[in-house]
Amino acid sequence: ASASLVSRFRACLASAVAGDVLGSEFEGISAVSLKAATQHVERFSSNTDERQLEFTDDTAMARSICVSLIHNKGYNAKHMARRFAEEYKRQPHRGYGGNVISVFEQLLDESLLDVYEPSRKQFDGSGSYGNGGAMRIAPVALFAYNDLNAMKKIAKESTLLTHSNYLGYNGALLQCAAVYYILHSSQPFDVDNYLDQLHQFMHDLEEETKPETSYCVKIKKIKDMLQDSTLSNAKVVETLGHGIAAYESVPTAIHAFIHCLEPVKDRNSNGILRTIIYAITLGGDTDTIATMAAAIAGAYYGMEQVPDAWSKSCEGVDDAIEYADQLYKLCNNN
Ligand code: F2R
Ligand code: MG
Ligand code: MG
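For clarity, every value in this text was computed on a predicted model and none was experimentally measured.

Enquirer: I'm lost on the overall build of the protein in this one. Help?
Expert: Within the protein, the secondary structure is distributed over 17 helices and zero strands. Computed over the C-alpha atoms, the radius of gyration of the protein is 18 Å, within 12% of the 20 Å expected from 2.2 N^0.38 for a compact globule of 334 residues. Along the longest, intermediate and shortest principal axes, the C-alpha atoms of the protein span 60 × 45 × 40 Å. By residue count, 59% of the 334 residues in the protein fall in the buried class. Of the contacts formed within the protein by residues at least 6 apart in sequence, a portion of 74% connects residues at least 24 apart. Carbon together with sulfur atoms contributes 47% to the accessible area of the protein, which is approximately 14000 Å² in total. In the protein, the 30 positive side-chain charges and the 42 negative ones have mean positions that sit 2 Å from each other.

See the structure below:
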């Protein structure tokens with residue numbers, strides 16, 4: 001790839017923040033017009049608007065992952081759980097998921113011995129399958145850039161702090177792998193090979209899974225879409241989903257990145273912006289699908305395609321670049 005690895009680390013986390021910030025304006029709207037998504041994203045990606053847009057829970061939790069990995073130079077369950085919970089207590093109005101907040105409240109109890117217990121008890125013991133594990137996972141792919149097994153272990157265990165349903169943590173693993181394999185990709189980029197890597201990664205994790213809840217089946221559908229020259233947004237949403245469940249949003253984000261790889265006439269020429277705009281037009285959980293798609297896109301394109309304006313217009317972008325630098329230093333020492 002033309003961009004250096006540190007540039008890709010920075011752009012990954014900066015773009016993830018921008019995807020959340022820019023996408024949150026439309027969260028919950030079933031479909032967003034291309035015009036509305038384009039106007040919004042382009043306005044806050046140019047130097048003309050002085051207003052700063054705020055990040056949501058997606059970024060709040062990703063920041064906690066960065067801080068905890070950097071502070072401990074590795075994964076420390078108790079420390080990360082406390083970071084999540086204290087961040088929620090400090091700023092509870094970041095748009096957190098409806099049920100995960102009860103996990104945070106239990107994690108704030110100093111006498112709690114097992115930090116995984118509150119998550120296990122969610123939804124009468126079935127655990128959350130929300131996309132809250134996947135939306136925050138990109139920093140793990142950076143920290144464990146040199147060690148796939150460590151990436152798997154940290155991605156799963158850090159997600160289990162809040163999401164114990166297999167669809168919740170496998171979704172986070174897939175999103176983490178999507179960032180990891182992009183960081184390891186080179187030019188010319190081979191989309192088929194990338195999807196095969198993700199399929200193999202998930203196949204090893206979900207041998208027992210039923211076809212209707214299999215991430216491998218969704219990856220095959222992403223591959224089939226590559227051949228569909230008449231693909232509409234409605235078809236994408238019908239096939240992959242755009243909801244708050246990890247199963248209904250992580251494959252959608254991966255599709256969004258792939259779908260926007262080629263420049264299209266009359267669409268933004270910047271690959272990261274094109275990806276965020278497209279993710280938003282799919283509607284539904286727009287902040288989360290945009291943050292996940294943008295993390296992959298940023299890791300692919302590098303800082304050259306990160307607009308300077310985000311530093312002012314998107315809360316948290318500068319911090320993200322600083323965290324990326326620290327994670328880069330750490331992974332080079334591993
Ligand atoms: N919460 C939101 N959006 C709602 C509106 C926000 C609004 N803009 C505002 O400011 O108030 N977005 C954020 O939540 C998603 C991540 O959620 P997370 O962390 O996974 O939370 P939770 O509570 O664990 O799961 C979310 C919902 O999924 C359903 N669910 C999950 N597991 C379930 C199960 N086993 N059985 C039944 N339902 C289950 C529940 O409805 C949960 O509340 C991101 O979109 C982030 O942006
Ligand atoms: Mg959010
Ligand atoms: Mg969301």
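There is more to say after this.
Enquirer: Teacher, can you tell me more about the coordination of the magnesium ion (ligand 3) here?
Expert: By definition of the ideal shapes, a tetrahedral metal site with four donors has angles of 109.5 degrees and an octahedral site with six donors has angles of 90 or 180 degrees. Summarising the metal site, the magnesium ion (ligand 3) is bound by the protein donors Glu27 (OE), Asp285 (OD), Asp287 (OD) and Thr288 (OG1), whose distances to it range over 2.0 to 2.3 Å. Coordination at the magnesium ion (ligand 3) is octahedral: its six donor atoms span angles of 77 to 178° at the metal. Coordination of the magnesium ion (ligand 3) draws on donor residues from a single chain, spaced E-x257-D-x1-D-T in sequence. A distance of 3.7 Å spans the gap from the magnesium ion (ligand 3) to the magnesium ion (ligand 2), which aspartate 287 bridges by coordinating each metal. Of this pair, glutamate 27 sits in the loop between helix H1 (5-23) and helix H2 (34-43) while aspartate 285 sits in the loop between helix H14 (271-281) and helix H15 (286-301), placing them 258 residues apart in sequence. Glutamate 27 gets classed as partly exposed once you look at its relative accessible area, which sits at 38%.

Enquirer: I'm lost on the site of ligand 1 in this one. Help?
Expert: Around ligand 1, a shell composed of 23 residues is seen, among which Asp58, Asn99, Ser128, His163 and Asp285 lie nearest. The separation between an oxygen atom of ligand 1 and a polar side-chain atom of aspartate 287 is 2.9 Å. In isolation ligand 1 offers 930 Å² of accessible surface; the protein chains occlude 70% of this area. Among the detected pockets, ligand 1 sits in the largest pocket. Contributions of two or more residues to the shell around ligand 1 are made by helix H3 (57-72) and H15. Taken together, the residues that form the shell around ligand 1 break down as six nonpolar, twelve polar and five charged.

Enquirer: Please explain unusual backbone geometry as it appears in this structure.
Expert: Across residues other than glycine, the phi torsion is negative in most instances, and most of the peptide bonds are trans. Across the junction of glutamine 187 and proline 188, the peptide omega takes the value 0°, indicating a cis bond. Residue placement: proline 188 occurs in the loop between helix H9 (166-183) and helix H10 (191-205). A positive phi angle is found at lysine 73, which is not glycine, with a value near 50°. With respect to the secondary-structure elements, lysine 73 resides in the loop between H3 and helix H4 (77-90). Residue classification places lysine 73 among the exposed positions, given a relative accessible area of 61%. With phi around 70°, aspartate 266 is a residue other than glycine that occupies positive phi space. By secondary structure assignment, the location of aspartate 266 is in the loop between helix H13 (250-259) and H14.

Each value, and the rule that gives it
- Residues numbered from 1 in each chain as written.
- Chains lettered and ligands numbered in written order.
- Predicted model: local features only at pLDDT ≥ 70, side-chain atom pairs only at ≥ 80, totals over all residues.
- Heavy atoms only, no water.
- Helix = DSSP H or I, 4+ residues; strand = E, 2+ residues; numbered from the N terminus.
- Rg over C-alpha atoms; globule rule 2.2 N^0.38 Å.
- Buried < 20%, exposed > 50% of the residue type's maximum accessible area, 1.4 Å probe, protein only.
- Contact = heavy atoms within 4.5 Å.
- Areas by Shrake-Rupley, 256 points an atom, 1.4 Å probe, with all protein chains shown as cover.
- Lys, Arg positive; Asp, Glu negative; His and termini not counted.
- Charge placed at Lys NZ, Arg CZ, Asp CG, Glu CD.
- Donors = N, O, S within 2.8 Å, 3.2 Å for Na, K, Ca; no water.
- Tetrahedral: all angles 85-135°; square planar, octahedral: opposite > 155°, others 65-115°.
- Near = heavy atom within 4 Å.
- Polar contact = N/O pair within 3.5 Å; in protein donor to acceptor, adjacent residues only side chain to side chain.
- 1 Å grid on protein atoms, 1.4 Å probe; cavity = no way out; pocket = protein on both sides within 12 Å on 5 of 7 lines; lining within 4 Å.
- Sits in = over half its atoms within 2 Å of the grid points.
- Nonpolar A, V, L, I, M, F, W, Y, C, P; charged D, E, K, R; others polar.

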